[in-house]
Amino acid sequence: MKHDELFVHYQPLVSLRDGALVGAEALLRWRHGGAGLIEPAKFIPLAEETGLIVPLGEWVLSQACAQVKAWDEAGVPSLDIGVNLSGYQFQRGTIARTVRKALSRAAVEPNRLILEVTENFLMEEAADIAAALGTLKTLGVQLAIDDFGTGYASLSALRRLPFHTLKIDRSFVRNVNDDPDAAAIVKAIIAMAHNLGLTVVAEGVETPAQERFLKEAGCDEAQGFLYSPALSPEDFAQFLEAYAEKTHI
Ligand code: C2E
Ligand code: MG
Ligand code: MG
């Protein structure tokens, strides 16, 4: 952060109903002077171990909120923004205040922000987490469960906790066209999520065949290289223009 080597990139989120762009996910990037681009999977765990995830997470939130404001001001159709939260950011009991501060500083409505937490994280200190998620829900932000299907969240947790969105992990999406088990699991997740009143997002959509399967299965939204990888704000602006032209929206 001190060396100005961190960046937030944005990956588009597309509606499977009409192809409209509905939002973006903020993904952290580290361009290290000597080592080139370092993946979040490598440095997020380190940031968690050292406690640096707290200032880092706060910074990502403020960048993401400022970006939403910038899109609004550029007259882009209103986009929601997803931000990943680590379990460590909940440990000090200040997460709701941090979120509220980021939103008000950028003058962004809470319902534009989607906070993503992974399934495994729900297993830790269940009571505290449930209370913190409840407070965040009261603020008016949307909550999403990320990488669904890879962790150990119980189905009763899904029913109890105030989620709005469920994101199906890439590992299932990857195999929907050639593995009947993966296809069955994805269909079952979509049916279950819809019955619980959740919006379903498929992660890691790379091919038209996967998209077709997901549409037929009733999945609501998709994200993946088929549409675009995560982009810098400048590249995202270009993507928006090209996308609007392509889809005539
Ligand atoms: P995630 O939240 O599940 O993010 C989706 C990941 O899938 C991203 O990897 C994205 O680039 C990648 N992806 C998207 N579409 C495709 C596709 O079609 N094919 C393939 N192969 N990959 C695709 P990324 O950016 O490397 O991030 C990895 C993970 O690091 C994220 O998974 C998230 O858990 C974590 N992360 C990223 N940024 C942050 C952050 O600001 N805070 C926290 N706490 N975690 C973050
Ligand atoms: Mg995510
Ligand atoms: Mg994910």
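Higher on the page you've got the structure.
Model, not experiment: these values are computed from the prediction.

## Structural notes on the packing of aromatic side chains
- By the definition in use, this model includes five aromatic pairs.
- With a centroid separation of 5.4 Å and an interplanar angle of 75°, the aromatic rings of Tyr10 and Trp71 are classed as edge-to-face. With Tyr10 in strand β1 (residues 6–15) and Trp71 in helix α2 (residues 53–73), this pair connects stretches of sequence that are 61 residues apart. The pair formed by Tyr10 and Trp71 is uniform in burial state, with each residue classed as buried.
- With a centroid separation of 5.4 Å and 25° between ring planes, the pair formed by Phe239 and Tyr243 is classed as stacked. Taken together, the residues Phe239 and Tyr243, both in helix α9 (residues 233–247) and four residues apart, mark about one turn of the helix.
- Its relative accessible area of 14% is what places Phe239 among the buried residues.
- One aromatic cluster is present, built from ring pairs that chain together Tyr10, Trp71, Phe236, Phe239 and Tyr243.
- In this structure, Arg31 is placed above the aromatic ring of Phe7, and the distance from its NZ or CZ to the ring centre is 4.8 Å.

## Considerations on the coordination of the magnesium ion (ligand 2)
- Coordination of the magnesium ion (ligand 2) by the protein is provided by Glu25 (OE), Asn84 (OD1), Glu116 (OE) and Asp146 (OD), with metal-donor distances spanning 2.0 to 2.2 Å.
- In this structure, the magnesium ion (ligand 2) lies 4.1 Å away from the magnesium ion (ligand 3), the two metals sharing Asp146 as a donor. Of this pair, Glu25 sits in strand β2 (residues 21–32) while Asn84 sits in strand β4 (residues 80–84); the two residues are 59 residues apart in sequence, bridging distant segments of the chain.
- A residue is classified by how much of its surface remains accessible, and Glu25, at 4% relative accessible area, is buried.

## Comments concerning the site of ligand 1
- In the vicinity of ligand 1, 21 residues are found, and the nearest of them are Arg29, Asn84, Asp146, Glu206 and Phe225.
- Taking Glu206, its side chain carries an N or O atom lying 2.5 Å from a nitrogen atom of ligand 1.
- Notes on ligand 1: free accessible area 800 Å², of which the protein chains cover 82%.
- In terms of residue count, the dominant contributor to the shell around ligand 1 is β2 (four residues).
- Across the shell around ligand 1, the residue classes break down as eight nonpolar, five polar and eight charged.

## Digging into the coordination of the magnesium ion (ligand 3)
- The coordination sphere of the magnesium ion (ligand 3) contains the protein donors Asp146 (OD), Asp147 (OD), Glu203 (OE) and Glu203 (OE), at a distance range of 1.9 to 2.4 Å.
- Considered as a linear motif, the donors of the magnesium ion (ligand 3) on their single chain read D-D-x55-E.

## With respect to the pairing of strand β6 (residues 142–148)
- Of all seven residues making up β6, six are buried, and the element is well covered by its neighbours.
- Bridge analysis of strand β5 (residues 113–118) against β6 gives five bridges, and the strand direction is parallel. Bridging from a neighbouring strand, Glu116 pairs with Ala144 of β6.
- Sheet analysis places β6 next to strand β7 (residues 165–168), joined by three bridges and oriented parallel. Looking across to β7, one finds that Ala144 is bridged to Thr165.
- Chirality of the crossover, the property in question, places the unit of β6, helix α5 (residues 155–160) and β7 among those that are right-handed.

## With respect to the nonpolar core
- Ranked by internal contacts, the top residues of the largest apolar core, which has 76 residues, are Ile81, Phe90, Leu115, Leu122, Phe163 and Leu166.
- For this core, the leading source of residues is α2, giving nine residues.
- For Leu115, the contacting residues outside a window of four places in its chain are Leu61, Val83, Leu85, Val99, Leu136, Val141, Gln142, Leu143 and Ala144.

## Points about the pattern of salt bridges
- All told, the structure shown has seven salt bridges when counted by the stated rule.
- Note that Arg17 and Asp220 form a salt bridge whose closest N and O atoms lie 3.1 Å from each other. Of the two residues, Arg17 is situated in the loop between β1 and β2 and Asp220 in the loop between α8 (208–216) and β9 (221–222); the sequence distance between them amounts to 203 residues.
- For Arg17, a relative accessible area of 68% puts it in the exposed group.
- Under the relative-accessibility criterion, Asp220 is labelled buried at 11%.
- Two residues, Lys215 and Glu211, come together in a salt bridge whose shortest N-O distance is 3.9 Å. Residue Lys215 and its partner Glu211 are located together in helix α8, separated by four residues, close to a single helical turn.
- The exposure class of Lys215 is partly exposed, given its relative accessible area of 44%.

Definitions and cut-offs
Residues numbered from 1 in each chain as written. Chains lettered and ligands numbered in written order. Predicted model: local features only at pLDDT ≥ 70, side-chain atom pairs only at ≥ 80, totals over all residues. Heavy atoms only, no water. Phe/Tyr/Trp six-rings, centres within 6.5 Å; stacked < 30°, edge-to-face > 60°. Helix = DSSP H or I, 4+ residues; strand = E, 2+ residues; numbered from the N terminus. Buried < 20%, exposed > 50% of the residue type's maximum accessible area, 1.4 Å probe, protein only. Lys NZ or Arg CZ within 6 Å of the ring centre and 35° of its normal. Donors = N, O, S within 2.8 Å, 3.2 Å for Na, K, Ca; no water. Near = heavy atom within 4 Å. Polar contact = N/O pair within 3.5 Å; in protein donor to acceptor, adjacent residues only side chain to side chain. Areas by Shrake-Rupley, 256 points an atom, 1.4 Å probe, with all protein chains shown as cover. Nonpolar A, V, L, I, M, F, W, Y, C, P; charged D, E, K, R; others polar. Pairing = 2+ DSSP bridges. Right-handed = clockwise from strand over helix to strand, strands pointing away. Core = buried A, V, L, I, M, F, W, Y, C linked by side-chain atoms within 4.5 Å. Contact = heavy atoms within 4.5 Å. Salt bridge = Lys/Arg side-chain N within 4 Å of Asp/Glu carboxyl O.

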